[in-house]
There are 2 protein chains.
Amino acid sequence: MSETVRVAVDAMGGDNAPGEIISGAVLALNERENLEITFVGREEIIRQELAKHPDAPLARCQIHNATEVIEMAESPVNAVKTKKDSSIVQGMMLVRHGEADAFVTAGSSGATLVGGQVLVGRVKGIERAPFAPVLPTQKGPTLLIDCGANVDARPSQLVQWGQMGSIYMENILGIKNPRVALANIGAEEDKGNALVKETMPLMKELDNINFTGSVEARDIPYGGADVVVCDAFTGNMLLKMYEGTAHMLEGEIVNGIKHGGPLALLGGLLVKPALKKTLTKFSAKTYGGAPLLGLTGLIVKAHGNADAVVFSHAVEQCIDWKNADINEKFKEKMHLVDRTKKTASPESAAKQ
Amino acid sequence: MSETVRVAVDAMGGDNAPGEIISGAVLALNERENLEITFVGREEIIRQELAKHPDAPLARCQIHNATEVIEMAESPVNAVKTKKDSSIVQGMMLVRHGEADAFVTAGSSGATLVGGQVLVGRVKGIERAPFAPVLPTQKGPTLLIDCGANVDARPSQLVQWGQMGSIYMENILGIKNPRVALANIGAEEDKGNALVKETMPLMKELDNINFTGSVEARDIPYGGADVVVCDAFTGNMLLKMYEGTAHMLEGEIVNGIKHGGPLALLGGLLVKPALKKTLTKFSAKTYGGAPLLGLTGLIVKAHGNADAVVFSHAVEQCIDWKNADINEKFKEKMHLVDRTKKTASPESAAKQ
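Let us look at the structure shown here.

The rules behind the values
What you see as residue numbers is a count from 1 along each chain, following the sequence as written. Chain letters start at A and ligand numbers start at 1, both assigned in the order the entries are written. Residue-level local features of this predicted model are given only where pLDDT is at least 70; pairs of side-chain atoms are given and counted only at 80 or more, and the full residue set underlies all totals for whole chains, interfaces and linings. Side-chain measures were taken over the full set of non-hydrogen atoms in the model, leaving aside hydrogen atoms and water. Working definition: helices are DSSP H or I runs of at least four residues, strands are E runs of at least two. Numbering for both runs from the N terminus. Burial here depends on accessible area, computed with a 1.4 Å probe over protein chains only, as a share of the maximum for the residue type. Under 20% is buried, over 50% is exposed, and the range in between is partly exposed. Counting rule for charge: Lys and Arg are taken as positive, Asp and Glu as negative, and neither His nor the chain ends is counted. Within this document, salt bridges are pairs made up of a side-chain nitrogen of Lys or Arg and a carboxyl oxygen of Asp or Glu, the two lying within 4 Å of each other. Identification of polar contacts relies on pairs of N or O atoms within 3.5 Å, with a donor-acceptor requirement for protein atoms, meaning one able to donate a hydrogen and the other able to accept it, and with residues adjacent in sequence counted only if both atoms are side-chain atoms. In what follows, residue pairs with any heavy atoms lying within 4.5 Å of each other are defined as contacts. Multiplying 1.5 Å by the helix residue count minus one yields the expected span of that helix. Being paired, for any two strands, means DSSP has found at least two bridges between them. Between N-to-C directions, angles cover 0 to 180 degrees, with each direction set by a line fitted to C-alpha atoms, over the stretch in contact for helices. Defined here as a combined quantity, buried area equals the accessible surface (1.4 Å probe) lost by two parts on assembly, summed across both. Note on residue classes: Ala, Val, Leu, Ile, Met, Phe, Trp, Tyr, Cys and Pro are nonpolar, Asp, Glu, Lys and Arg are charged, and everything else, Gly too, is polar.

**Thoughts on the side chain of B:Asp10**
All names here are of chain B.
- Along the chain, Asp10 turns up in strand β1 (residues 5–10).
- Despite being buried, Asp10 has no salt bridge partner; Lys301 is the closest side chain of opposite charge, sitting 8.8 Å away.
- Only 2.9 Å separates the side chain of Asp10 from the backbone nitrogen of Met12, close enough to count as a polar contact.
- Engagement of the side chain of Asp10 in a polar contact is seen with the backbone nitrogen of Gly13, the distance being 3.2 Å.
- Apart from the residues within four sequence positions on either side, Asp10 is in contact with Ile21, Val40, Ser87, Ile88, Phe103, Val104, Thr105 and Gly107.

Next up, the structure:
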């Protein structure tokens, strides 16, 4: 059996906290024996919720009391600075001090990003830490990197993310020699905005990844690349458009069948299992959370509306990450040069 | 009856030329009495194709012989420079010389863009001409502007596109007081990349549009804005992701039903009409073509794989545009300042 992995869980973060969060964590605990969880948040509330789970392996549960909660609407920089006793800040500090290997939160993305940079810090040589969610595509999982952290990115950062994404997909999702591509508006040499045009030749020079050039947005749902590299503004557009379109169409299809007359209604009942299977395959919820890669400890942002099952995936992901020793692989395979400080100020991190 | 509209049609451009193109033009001619068409391309081929349509109103058809064709893979700048007798260059020249009100092509986007700038020229004061396709959304049509022309755009350009888009949607698609929004990664004040952050306050200052702030990608399929303003790189990501996701899911749903056992198969037959109706509603083909707005004449780029019906929509669109006198409305309502030359060099146009 592999060594024990200690995950701190933000019991207060997300639309469905604390109920679904704690249920999800208990699911993960019962699924994985080598997992220990520290619940971070208001002790009394956590105890009440845990009491609802007689199957919870309490010997592998701890509670770290944190009295404050960072709300979604708060300024991330301010919140991280001032709410020292919030579940996010306290959870991050557990990682910083080596008392947890990972921290999982469904709370504020902004505070997670700022906290990750300021309180946990980057691996030496990593310029910027990207959010890297996994999209379910026709061919299987595709990593979208960066998708939320660095909206005005530089070519050298994209070059690092391509390498980090490749290592992540190979070691966590078991995809051999993953195809790494830049999100672009066409395959021809002269296509792209200034960022893509500058980044393209740098990516081509890399000998440690399988760089396949450009991937157009329309090919991403078909699995046109295993790792899609882009700035976070573009990544957000791609991810949210993917989720939004799938969700909207699902609703429209169900609605169309409901209003298509009695035969369509009967047909709808008959196709329901097949339809559900297909739509579940492409649900944004399939792959738990987005890791903030390149920090000295693992920080995972779960979907804000994560339910217990989704949250349990995000927690279990931490075990694979720890077992694969990803940060060591970054250091070995990326030939990093230390040009950064270990931690950034809240202000500079927020500018990311 | 409104005045006659003269549309030049590229008979040689697109995957399905010349057959579907000429069929589509004939469809439009039979649909709209005040339409005249000049077919541009190889005269002999056009005559052969027209002969297949005994219902074609030949009195309203002309042929303008053009012996060359610009291929999709060619460098747009070179092609426009050297292939003076191509259907795209010749069609554009008809617009330039006032012999046609509009030119519709399903051929090379790049050559259409370069030709539009170089051969037709912009309305005085318009900084850059954007491609503006219409997306079918849950609430109805949404204009995506820019979606292909200007990948590294400036705030002042986005500000113009917001106004142009508003005028277009109000006058061509009949949407009163259209909601104009910037594509963004969140609704909060501090969200966005540098371009969006610079553009936001300028848009807020406009008193001639209904600016509603940010629209997130996930809300676009639901019709979260009537006009979505963005640089062309972002627009391409949004449009292609929308098309790609819808197309991929359609295939997966059909496939899931086919392999879901005999009951699902039977159900599939029963839901087929409702399913088809829903999917057609969101097909990229619903709204013919993307106009290149802000030129002295109308240039419309139809989808490369347009069939006869789609192409006929693109042609008919030109009648509404002409009747609405859009360029005059741009001049009246946008308070334009002439800071541009009438035509650009092929090189500078290609840099857009």
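**Brief notes about helix α5 (residues 109–120) of chain B**
Residue and element names in this part refer to chain B.
- Counted at 1.5 Å a residue, the expected span for α5 with its 12 residues is 16 Å, and the 15 Å between its end C-alpha atoms agrees.
- In terms of burial, α5 is largely enclosed, as 10 of its 12 residues are buried.
- Among all positions in α5, only Ala111, Thr112, Leu113, Val114, Gly115, Gly116, Gln117, Val118, Leu119 and Val120 are buried.
- Of the residues flanking the start of α5, the one acting as N-cap is Ser108, its side-chain oxygen 3.4 Å from the backbone nitrogen of Gly110.
- Looking one or two places after α5, you find Gly121, whose phi comes out positive at around 90°.

**Some words on the sheet that holds strand β10 (residues 289–292) of chain B**
All names here are of chain B.
- Pairing is mixed across the open sheet formed by six strands, whose spatial order is β3-β2-β1-β4-β11-β10. Lying at the two open borders of the sheet, with one neighbouring strand each, are β3 (61–65) and β10. Adjacent strand axes in the sheet meet at a mean angle of 25° when their direction is disregarded.
- Relative to β3, strand β2 (residues 35–41) runs parallel, the two sharing five bridges. Paired with Thr38 across the bridge in β3 is Gln62.
- Along the sheet, α5 contacts β4 (102–105), β10 and β11 (298–302); its crossing angle with β11, the most-contacted strand, is approximately 175°.

**What about the interface of chain A and chain B?**
- With 50 residues of chain A at the interface, the matching set in chain B holds 50 residues.
- A buried area of about 4700 Å², summed over both sides, lies between chain A and chain B, and 73% of it is on carbon and sulfur atoms.
- The interface formed by chain A and chain B holds four salt bridges in total.
- For the salt bridge of A:Glu252 with B:Lys281, the shortest nitrogen-to-oxygen distance reads 3.1 Å.
- At the junction of chain A and chain B, the tally comes to 11 residue pairs in polar contact (both at pLDDT 80 or more).
- Looking at the side of chain A that touches chain B, the elements with two or more residues in it are β7 (179–184), α7 (194–205), α8 (232–258) and α9 (262–281) of chain A.
- Considering every element that reaches the side of chain A that touches chain B, the biggest residue donor is α8(A), with 19 residues.
- Classifying every residue of the side of chain A that touches chain B by side-chain character gives 29 nonpolar, 14 polar and seven charged.

**Quick look at the sheet that holds strand β5 (residues 134–137) of chain A**
Residue and element names in this part refer to chain A.
- The mixed open sheet is built from five strands, whose spatial order is β5-β6-β9-β7-β8. Each edge of the open sheet carries a strand with a single partner, namely β5 and β8 (210–216). Sheet twist, expressed as the average angle between the axes of neighbouring strands with direction ignored, equals 30°.
- Note that β7 and strand β9 (residues 227–229) share three bridges and pair parallel.

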